[in-house]
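Inside the fold
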Amino acid sequence: MSPYFFYLFAAVLIFASLCVVLARNPLYNVLALVVAIFSLSCLFILLEAYFVGMILLLVYAGAVLVFFLFVVMCLNLNTVTLSSPQQSRFRVLGSLVGLAFAASFGLATTSFIKAQYMEASSIRGTIETVGKILFTDYLLPFELTSLLLLIAIFGIVSLAQGALSTGKDTENL
């Protein structure tokens, strides 16, 4: 029964990820991201990485996406038409990001192929193994992520204070 659930959650994850990228309304982007993170969490739980699945669900869907939703609602985003030079600048930037994605996809594919020939690992995502790896091998990325989240919190607070001082929140009521 678990292969069917795996394929179900994988299909939902792919569909939700496409909705995150292709939806025009920023609120729908955030809601599709919640569905994608929930599906990814379910995949981790099916792979017996219970701790990683629950932390992904609690931290990202419970905290980070609330920040995203708050920012989207505070900004009151409207559609903006871009001139031709602005569009060409974004096309160049989009091409660079697309090349970086293609390179990352190629690296992930080669590492997946190499992993098929490796022995099974005993690491199952328990609290002890994840904590040991996180605070030894990945300490710098872990601390940089916490710094990035701290900067995001400061940005959200400053945006909210700017909206309150200009009275933008009273116009929408």
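Residues numbered from 1 in each chain as written. Predicted model: local features only at pLDDT ≥ 70, side-chain atom pairs only at ≥ 80, totals over all residues. Heavy atoms only, no water.

Observations regarding the packing of helix α2 (residues 26-46) against helix α3 (residues 50-75)
With their axes 8 Å apart at the nearest point, α2 and α3 run at an angle of 175° to one another. Here α3 runs roughly antiparallel to α2, going by the angle between their axes. Residue-level inspection shows Pro26, Leu27, Val30, Leu33, Val34, Ile37, Phe38, Leu40, Ser41, Phe44 and Ile45 of α2 in contact with α3, the latter providing Tyr50, Val52, Gly53, Met54, Leu56, Leu57, Tyr60, Ala61, Leu65, Phe68, Leu69 and Val72. Class assignment for the residues of the contact of α2 with α3 results in 21 nonpolar, two polar and no charged. (Axes fitted to C-alpha atoms, helices over the stretch in contact; angles between N-to-C directions. Helix = DSSP H or I, 4+ residues; strand = E, 2+ residues; numbered from the N terminus. Parallel < 35°, antiparallel > 145°, perpendicular 65-115°, else oblique. Contact = heavy atoms within 4.5 Å. Nonpolar A, V, L, I, M, F, W, Y, C, P; charged D, E, K, R; others polar.)

Quick word on the confidence of the model for the protein
Across the protein, the average pLDDT comes to 78, with 84% of residues at or above 70. Per-element averaging of pLDDT across the protein places helix α7 (residues 168-171) at the bottom with 52 and helix α1 (residues 2-22) at the top with 89. (pLDDT = per-residue confidence, 0-100.)

What about the nonpolar core?
Nonpolar side chains tend toward joint burial in soluble globular proteins. Counting residues in each nonpolar core, the largest one holds six residues, listed as Phe9, Leu13, Ala16, Ala36, Cys42 and Leu43. Sorting the residues of this core by element identifies α1 and α2 as the ones contributing at least two each. (Core = buried A, V, L, I, M, F, W, Y, C linked by side-chain atoms within 4.5 Å. Buried < 20%, exposed > 50% of the residue type's maximum accessible area, 1.4 Å probe, protein only.)

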